[in-house]
Amino acid sequence: MCLAIPALVTAVLADDMATVSLGGVVKTVSVALLDEVAVGDYVLLHVGYALHKISEEEAERSLAMMAEGGLLQAELDEIAGDAA
């Protein structure tokens, strides 16, 4: 489906990469499009790229709406499949 989804930055890596966590799925993504990223930031993730930093509240609201609409699990399954 490829929606943009909020993710928590858990590690900042070399070469404009970071590790993020999304509902138990851990993935390495590019943060090259962002000026600064730190552990604990929430980012809006789309096809392996962090597009924007967002607040924790915005991330929680977005995830709740996606879950309510039945979209969250499909996105997590797709992302987990990409990570495998």
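Residues numbered from 1 in each chain as written. Predicted model: local features only at pLDDT ≥ 70, side-chain atom pairs only at ≥ 80, totals over all residues. Heavy atoms only, no water.

1. Let's talk about the pattern of salt bridges
A side chain of one charge can pair with a side chain of the opposite charge if their charged atoms are brought near each other.
And then number 1: According to the stated counting rule, one finds one salt bridge in the structure shown.
And then number 2: One salt bridge in this structure joins Asp-41 and Lys-53, with 3.7 Å as the shortest N-O distance. Of this pair, Asp-41 sits in the loop between strand S3 (25-30) and strand S4 (42-46) while Lys-53 sits in strand S5 (residues 49-54); the two residues are twelve residues apart in sequence, bridging distant segments of the chain. (Salt bridge = Lys/Arg side-chain N within 4 Å of Asp/Glu carboxyl O. Helix = DSSP H or I, 4+ residues; strand = E, 2+ residues; numbered from the N terminus.)

2. Section: the environment of Asp-35
And then number 1: Structurally, the position occupied by Asp-35 is in the loop between S3 and S4.
And then number 2: Residue Asp-35 is classed as exposed on the basis of its relative accessible area of 83%.
And then number 3: The sequence separation of Asp-35 and His-52 amounts to 17 residues, and the corresponding C-alpha distance is 9.6 Å. (Buried < 20%, exposed > 50% of the residue type's maximum accessible area, 1.4 Å probe, protein only.)

3. Some remarks on the side chain of Ser-30
And then number 1: Looking at the element boundaries, Ser-30 is found in strand S3.
And then number 2: A relative accessible area of 11% places Ser-30 in the buried class.
And then number 3: If sequence neighbours within four positions are ignored, Ser-30 has contacts with Asp-16, Met-17, Gly-48, Tyr-49 and Ala-50. (Contact = heavy atoms within 4.5 Å.)

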